Amino acid sequence: MAEVGAIGYENLMFIDTHAHLDDERFAADLPDVLERAKIAGIDHVIVIATTAPSSHSCIALAEKHTMLRATVGLQPNNLAEAATGAWDDVVRLADHLTVVALGETGLDRHWHYTPFAQQEDYFARHLELARRKNLAVVIHCREAEADTVRMLRSDFDRHGPVRAVMHSFTGDLVTARACLDMGLYISFAGMLTYKNAQNLRDVAAQMQLDRVLVETDSPYLAPVPVRGQRNEPAHVVHTAACLAKLLGVSSDALAAQTTANARKLFQF
Ligand SMILES: [Zn+2]
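Fair warning: this is a prediction, and the values are worked out from it, not measured in the lab. (Residues numbered from 1 in each chain as written. Predicted model: local features only at pLDDT ≥ 70, side-chain atom pairs only at ≥ 80, totals over all residues. Heavy atoms only, no water.)

A. Molecular detail of the sheet that holds strand β7 (residues 185-188). Here we have 8 strands laid out as an open sheet, ordered β1-β2-β3-β4-β5-β6-β7-β8, and parallel in their pairing. Two strands close off the open sheet at either side, each with one partner strand: β1 (14-19) and β8 (212-214). Shown here is a sheet whose adjacent strand axes are inclined to one another by a mean of 30 degrees, direction ignored. Sheet topology note: the β1/strand β2 (residues 42-47) ladder contains 4 bridges and is parallel. Residue pairing across strands places Ile15 opposite His44, the latter belonging to β2. (Pairing = 2+ DSSP bridges. Helix = DSSP H or I, 4+ residues; strand = E, 2+ residues; numbered from the N terminus. Axes fitted to C-alpha atoms, helices over the stretch in contact; angles between N-to-C directions.)

B. Structural detail: the coordination of the zinc ion. Around the zinc ion, the protein contributes the donor atoms His18 (NE2), His20 (NE2), Glu104 (OE) and Asp217 (OD), which lie 2.1 to 2.7 Å from the metal centre. In terms of primary sequence, the donors binding the zinc ion are separated according to H-x1-H-x83-E-x112-D. On the criterion of sequence distance, the pair formed by Glu104 in strand β4 (residues 99-108) and Asp217 in the loop between β8 and α8 (236-247) is long-range, its members being 113 residues apart. Of the two residues, Glu104 and Asp217, neither departs from the other in class, the shared state being buried. (Donors = N, O, S within 2.8 Å, 3.2 Å for Na, K, Ca; no water. Buried < 20%, exposed > 50% of the residue type's maximum accessible area, 1.4 Å probe, protein only.)

C. Molecular detail of the pattern of salt bridges. Tallied over the full model, the rule gives 13 salt bridges. For Asp89, the salt bridge identified is with Arg92, shortest N-O distance 3.0 Å. On the criterion of helical spacing, the pair formed by Asp89 and Arg92 is a turn pair, its members being 3 residues apart in helix α3 (residues 86-93). The shortest N-O distance in the salt bridge between Asp147 and Arg150 comes to 2.9 Å. Linking Asp147 with Arg150, this pair stays in helix α5 (residues 145-159), spanning 3 residues, or about one helical turn. Its relative accessible area of 15% is what places Asp147 among the buried residues. (Salt bridge = Lys/Arg side-chain N within 4 Å of Asp/Glu carboxyl O.)

D. Representation of the nonpolar core. Judged by nonpolar contacts, the single largest core of 79 residues is most densely connected at Phe14, Leu21 and Phe188. Element by element, the count of residues in this core is highest for α8, at 7 residues. Membership of the second largest hydrophobic core comes to 13 residues, among which are Ile15, Ala136, Tyr185 and Phe266. (Core = buried A, V, L, I, M, F, W, Y, C linked by side-chain atoms within 4.5 Å.)

E. Representation of the pairing of β1. For β1, the buried fraction is high: 6 of the 6 residues fall into the buried class. Handedness of the crossover joining β1 and β2 through helix α1 (residues 30-39): right-handed. (Right-handed = clockwise from strand over helix to strand, strands pointing away.)

F. Spotlight on α1. Taken together, the buried positions of α1 are Leu30, Val33, Leu34 and Ala37. Projected onto a plane normal to the axis of α1, the buried residues spread over an arc of 95 degrees and lie on a single side. In α1, the exposed positions that point more than 90 degrees away from the buried face belong to Pro31 and Ile39. Tucked inside the fold, the buried residues of α1 contact β2, α2 (52-64) and β3 (68-72). (Arc of directions from axis to C-beta. Contact = heavy atoms within 4.5 Å.)

G. Inspection of the environment of Asn196 at higher detail. For Asn196, the location among the structural elements is in the loop between β7 and α7 (198-204). Classification of Asn196 by relative accessible area gives exposed; the value is 68%. Sequence separation between Asn196 and Gly171 is 25 residues, and the spatial gap between their C-alpha atoms is 14 Å.

H. Quick look at the packing of helix α4 (residues 116-133) against α5. Interaxial distance between α4 and α5 falls to 11 Å at its minimum, and their mutual angle equals 35 degrees. The two elements α4 and α5 meet at a crossing, and its hand is right-handed. Listed contacts from α5 to Phe116, Glu120, Phe123, Ala124, Leu127 and Arg131 of α4 are Asp147, Thr148, Arg150, Met151, Leu152, Asp155 and His159. By residue class, the composition of the contact of α4 with α5 is 6 nonpolar, 2 polar and 5 charged. (Left-handed = near helix turned anticlockwise from the far one by under 90°. Nonpolar A, V, L, I, M, F, W, Y, C, P; charged D, E, K, R; others polar.)

I. Broad picture of the side chain of Arg201. Here Arg201 lies in helix α7. As a buried residue without a salt bridge, Arg201 has its nearest oppositely charged side chain in Asp202, at a separation of 6.5 Å. The residues contacting Arg201, other than those within four sequence positions of it, are Leu192, Thr193, Tyr194, Lys195, Cys242 and Leu246. (Lys, Arg positive; Asp, Glu negative; His and termini not counted.)

Put into C-alpha coordinates, the structure is as follows:
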(Lines give C-alpha, C1' and ligand atoms only; values in the text may rest on other atoms or scores of the structure.)
Protein backbone atom coordinates (compact mmCIF):
# COMPACT_ATOMS: atom_id res chain seq x y z
CA MET A 1 0.00 0.00 0.00
CA ALA A 2 1.27 3.46 -0.82
CA GLU A 3 1.93 5.88 1.99
CA VAL A 4 -0.28 8.92 2.40
CA GLY A 5 1.23 11.64 0.28
CA ALA A 6 3.29 9.26 -1.81
CA ILE A 7 3.78 10.53 -5.31
CA GLY A 8 4.24 8.48 -8.43
CA TYR A 9 2.79 5.17 -7.28
CA GLU A 10 1.32 3.51 -10.31
CA ASN A 11 -1.68 2.18 -8.45
CA LEU A 12 -2.83 5.69 -7.51
CA MET A 13 -5.11 6.92 -10.26
CA PHE A 14 -6.51 10.40 -9.88
CA ILE A 15 -8.71 12.57 -12.04
CA ASP A 16 -7.90 16.29 -11.87
CA THR A 17 -11.47 17.53 -12.22
CA HIS A 18 -10.66 21.18 -12.94
CA ALA A 19 -7.77 22.58 -14.96
CA HIS A 20 -7.49 25.51 -17.37
CA LEU A 21 -5.02 23.86 -19.72
CA ASP A 22 -6.02 26.22 -22.53
CA ASP A 23 -4.32 28.98 -20.55
CA GLU A 24 -1.42 30.58 -22.40
CA ARG A 25 0.89 29.55 -19.55
CA PHE A 26 0.65 25.99 -20.92
CA ALA A 27 1.10 26.90 -24.57
CA ALA A 28 4.82 26.12 -24.64
CA ASP A 29 4.98 22.82 -22.75
CA LEU A 30 1.59 21.09 -22.51
CA PRO A 31 2.91 17.66 -23.63
CA ASP A 32 5.50 17.78 -20.80
CA VAL A 33 2.81 18.85 -18.33
CA LEU A 34 0.64 15.88 -19.34
CA GLU A 35 3.59 13.50 -19.14
CA ARG A 36 4.34 14.65 -15.59
CA ALA A 37 0.65 14.19 -14.74
CA LYS A 38 0.74 10.59 -16.00
CA ILE A 39 3.87 9.85 -13.97
CA ALA A 40 2.15 11.27 -10.87
CA GLY A 41 -0.81 8.91 -11.42
CA ILE A 42 -3.33 11.27 -12.99
CA ASP A 43 -5.18 9.35 -15.69
CA HIS A 44 -7.66 12.03 -16.77
CA VAL A 45 -7.97 15.80 -16.57
CA ILE A 46 -11.16 17.80 -17.14
CA VAL A 47 -10.23 20.98 -19.02
CA ILE A 48 -12.54 23.79 -18.02
CA ALA A 49 -13.83 26.50 -20.34
CA THR A 50 -14.48 30.09 -19.28
CA THR A 51 -15.53 31.76 -22.56
CA ALA A 52 -16.81 30.75 -26.00
CA PRO A 53 -13.28 30.84 -27.50
CA SER A 54 -11.92 28.80 -24.59
CA SER A 55 -14.80 26.31 -25.07
CA HIS A 56 -13.47 25.77 -28.60
CA SER A 57 -9.91 25.45 -27.25
CA CYS A 58 -10.87 22.93 -24.57
CA ILE A 59 -12.55 20.72 -27.17
CA ALA A 60 -9.53 21.00 -29.46
CA LEU A 61 -7.25 19.93 -26.58
CA ALA A 62 -9.48 16.98 -25.70
CA GLU A 63 -9.51 15.88 -29.34
CA LYS A 64 -5.72 15.95 -29.37
CA HIS A 65 -4.93 14.31 -26.00
CA THR A 66 -6.80 11.17 -24.94
CA MET A 67 -6.35 11.85 -21.23
CA LEU A 68 -8.41 15.07 -21.49
CA ARG A 69 -12.16 15.69 -21.41
CA ALA A 70 -13.70 19.11 -22.04
CA THR A 71 -16.33 21.43 -20.67
CA VAL A 72 -18.00 24.30 -22.52
CA GLY A 73 -19.46 27.35 -20.84
CA LEU A 74 -19.20 30.98 -19.81
CA GLN A 75 -17.58 31.90 -16.48
CA PRO A 76 -19.67 34.55 -14.64
CA ASN A 77 -16.85 37.12 -14.61
CA ASN A 78 -16.51 36.89 -18.39
CA LEU A 79 -20.18 37.38 -19.27
CA ALA A 80 -20.33 41.15 -19.57
CA GLU A 81 -17.71 41.23 -22.29
CA ALA A 82 -18.83 38.03 -24.05
CA ALA A 83 -19.43 38.45 -27.76
CA THR A 84 -22.95 38.26 -29.10
CA GLY A 85 -23.51 34.68 -30.04
CA ALA A 86 -21.26 33.32 -27.28
CA TRP A 87 -24.15 31.44 -25.69
CA ASP A 88 -25.25 30.02 -29.06
CA ASP A 89 -21.69 28.71 -29.47
CA VAL A 90 -21.86 27.00 -26.07
CA VAL A 91 -25.21 25.39 -26.92
CA ARG A 92 -23.86 24.11 -30.23
CA LEU A 93 -20.55 22.86 -28.76
CA ALA A 94 -22.33 21.05 -25.90
CA ASP A 95 -23.06 18.19 -28.32
CA HIS A 96 -19.38 17.50 -29.00
CA LEU A 97 -18.22 13.99 -28.06
CA THR A 98 -15.39 15.17 -25.79
CA VAL A 99 -17.71 17.37 -23.68
CA VAL A 100 -18.62 15.95 -20.27
CA ALA A 101 -19.95 19.07 -18.53
CA LEU A 102 -21.09 22.66 -18.84
CA GLY A 103 -19.23 25.46 -17.11
CA GLU A 104 -17.69 26.85 -15.35
CA THR A 105 -20.83 28.76 -14.51
CA GLY A 106 -22.10 30.18 -11.23
CA LEU A 107 -22.08 33.38 -9.21
CA ASP A 108 -19.34 35.76 -8.07
CA ARG A 109 -19.73 38.72 -5.72
CA HIS A 110 -15.98 39.21 -5.25
CA TRP A 111 -15.36 40.79 -8.63
CA HIS A 112 -17.84 43.18 -10.20
CA TYR A 113 -17.19 42.57 -13.87
CA THR A 114 -20.69 41.30 -14.61
CA PRO A 115 -24.01 42.63 -13.22
CA PHE A 116 -25.37 40.06 -10.76
CA ALA A 117 -28.71 39.66 -12.58
CA GLN A 118 -26.81 38.71 -15.73
CA GLN A 119 -24.78 36.13 -13.76
CA GLU A 120 -28.03 34.63 -12.44
CA ASP A 121 -29.53 34.53 -15.93
CA TYR A 122 -26.55 32.59 -17.33
CA PHE A 123 -26.27 30.28 -14.32
CA ALA A 124 -29.92 29.32 -14.89
CA ARG A 125 -29.24 28.82 -18.62
CA HIS A 126 -26.34 26.45 -17.90
CA LEU A 127 -28.51 24.43 -15.47
CA GLU A 128 -31.34 24.19 -17.97
CA LEU A 129 -29.03 23.20 -20.84
CA ALA A 130 -27.29 20.58 -18.67
CA ARG A 131 -30.62 18.89 -18.00
CA ARG A 132 -31.57 19.07 -21.67
CA LYS A 133 -28.22 17.61 -22.85
CA ASN A 134 -27.73 15.25 -19.88
CA LEU A 135 -24.40 16.85 -18.94
CA ALA A 136 -22.81 17.66 -15.59
CA VAL A 137 -22.41 21.27 -14.37
CA VAL A 138 -19.21 22.79 -12.93
CA ILE A 139 -20.13 25.55 -10.50
CA HIS A 140 -17.96 28.51 -9.54
CA CYS A 141 -19.06 30.28 -6.36
CA ARG A 142 -17.13 33.14 -4.85
CA GLU A 143 -18.60 35.10 -1.93
CA ALA A 144 -22.06 34.20 -3.23
CA GLU A 145 -22.86 31.02 -1.31
CA ALA A 146 -26.37 31.99 -0.20
CA ASP A 147 -27.38 33.07 -3.72
CA THR A 148 -25.90 29.93 -5.26
CA VAL A 149 -27.72 27.64 -2.84
CA ARG A 150 -30.94 29.63 -3.38
CA MET A 151 -30.74 29.18 -7.16
CA LEU A 152 -29.76 25.51 -6.91
CA ARG A 153 -32.62 24.87 -4.51
CA SER A 154 -35.21 26.54 -6.70
CA ASP A 155 -33.94 24.44 -9.64
CA PHE A 156 -33.92 21.30 -7.45
CA ASP A 157 -37.45 21.92 -6.19
CA ARG A 158 -38.75 22.17 -9.75
CA HIS A 159 -36.69 19.46 -11.48
CA GLY A 160 -34.95 17.26 -8.89
CA PRO A 161 -31.21 16.57 -8.62
CA VAL A 162 -28.79 17.86 -11.23
CA ARG A 163 -25.35 16.30 -11.74
CA ALA A 164 -23.09 19.07 -10.49
CA VAL A 165 -19.97 19.97 -8.53
CA MET A 166 -19.09 22.96 -6.37
CA HIS A 167 -15.58 23.51 -7.68
CA SER A 168 -12.69 24.79 -5.57
CA PHE A 169 -15.00 24.82 -2.59
CA THR A 170 -14.26 27.46 0.07
CA GLY A 171 -17.68 27.79 1.72
CA ASP A 172 -18.81 26.85 5.20
CA LEU A 173 -20.31 23.61 6.52
CA VAL A 174 -23.91 24.85 6.12
CA THR A 175 -23.30 25.54 2.43
CA ALA A 176 -21.55 22.22 1.89
CA ARG A 177 -24.38 20.30 3.57
CA ALA A 178 -27.03 22.15 1.56
CA CYS A 179 -25.21 21.18 -1.65
CA LEU A 180 -24.75 17.56 -0.56
CA ASP A 181 -28.45 17.39 0.33
CA MET A 182 -29.25 18.28 -3.28
CA GLY A 183 -26.91 15.57 -4.57
CA LEU A 184 -23.96 17.77 -5.56
CA TYR A 185 -20.29 16.90 -5.24
CA ILE A 186 -17.78 19.07 -3.36
CA SER A 187 -14.38 19.57 -4.99
CA PHE A 188 -11.28 20.71 -3.13
CA ALA A 189 -8.34 22.57 -4.66
CA GLY A 190 -4.93 23.69 -3.38
CA MET A 191 -6.38 26.14 -0.86
CA LEU A 192 -7.09 23.12 1.34
CA THR A 193 -3.35 22.84 2.00
CA TYR A 194 -2.78 26.50 2.90
CA LYS A 195 -1.68 27.36 6.40
CA ASN A 196 -4.48 29.88 6.93
CA ALA A 197 -7.24 27.51 5.69
CA GLN A 198 -8.00 25.63 8.92
CA ASN A 199 -11.72 26.50 8.60
CA LEU A 200 -11.82 24.88 5.18
CA ARG A 201 -9.98 21.78 6.47
CA ASP A 202 -12.53 21.54 9.29
CA VAL A 203 -15.33 21.55 6.70
CA ALA A 204 -13.55 19.01 4.48
CA ALA A 205 -13.08 16.67 7.46
CA GLN A 206 -16.90 16.48 7.73
CA MET A 207 -17.48 15.42 4.11
CA GLN A 208 -18.60 11.98 2.96
CA LEU A 209 -15.96 10.10 0.99
CA ASP A 210 -18.43 9.25 -1.78
CA ARG A 211 -19.16 12.93 -2.55
CA VAL A 212 -15.74 14.59 -2.71
CA LEU A 213 -13.52 15.37 -5.70
CA VAL A 214 -10.03 16.79 -6.09
CA GLU A 215 -8.81 19.39 -8.57
CA THR A 216 -5.94 21.74 -9.23
CA ASP A 217 -7.67 24.73 -10.91
CA SER A 218 -4.39 24.96 -12.85
CA PRO A 219 -2.60 27.27 -13.49
CA TYR A 220 -3.94 28.91 -10.30
CA LEU A 221 -3.84 28.00 -6.61
CA ALA A 222 -0.87 25.63 -6.49
CA PRO A 223 -0.97 23.58 -3.26
CA VAL A 224 1.70 23.42 -0.58
CA PRO A 225 4.57 22.48 -1.12
CA VAL A 226 4.55 24.01 -4.62
CA ARG A 227 2.54 27.10 -3.65
CA GLY A 228 3.49 30.13 -5.72
CA GLN A 229 4.51 28.08 -8.77
CA ARG A 230 2.40 27.64 -11.89
CA ASN A 231 -0.04 24.92 -10.91
CA GLU A 232 -0.42 21.81 -13.09
CA PRO A 233 -2.42 18.55 -12.90
CA ALA A 234 0.45 16.51 -11.37
CA HIS A 235 0.13 18.67 -8.25
CA VAL A 236 -3.33 17.32 -7.46
CA VAL A 237 -1.60 14.60 -5.43
CA HIS A 238 -0.72 17.15 -2.72
CA THR A 239 -4.32 18.26 -2.27
CA ALA A 240 -5.42 14.62 -2.37
CA ALA A 241 -2.90 13.66 0.34
CA CYS A 242 -4.21 16.48 2.53
CA LEU A 243 -7.83 15.43 1.97
CA ALA A 244 -7.02 11.76 2.63
CA LYS A 245 -5.50 12.70 5.97
CA LEU A 246 -8.54 14.82 6.90
CA LEU A 247 -10.92 11.99 6.04
CA GLY A 248 -8.78 9.38 7.75
CA VAL A 249 -8.21 7.18 4.70
CA SER A 250 -5.16 6.11 2.71
CA SER A 251 -4.18 7.95 -0.47
CA ASP A 252 -5.06 4.73 -2.31
CA ALA A 253 -8.58 4.74 -0.94
CA LEU A 254 -9.00 8.44 -1.67
CA ALA A 255 -7.71 8.01 -5.23
CA ALA A 256 -10.05 5.10 -5.92
CA GLN A 257 -13.10 6.79 -4.44
CA THR A 258 -12.60 10.28 -5.91
CA THR A 259 -11.97 8.73 -9.31
CA ALA A 260 -15.17 6.69 -9.03
CA ASN A 261 -16.99 9.86 -7.93
CA ALA A 262 -15.65 11.85 -10.88
CA ARG A 263 -16.64 9.14 -13.33
CA LYS A 264 -20.13 9.03 -11.86
CA LEU A 265 -20.45 12.81 -12.08
CA PHE A 266 -18.99 13.28 -15.53
CA GLN A 267 -20.12 9.89 -16.89
CA PHE A 268 -17.19 8.89 -19.04
ZN1 LIG B 1 -11.65 27.43 -12.86
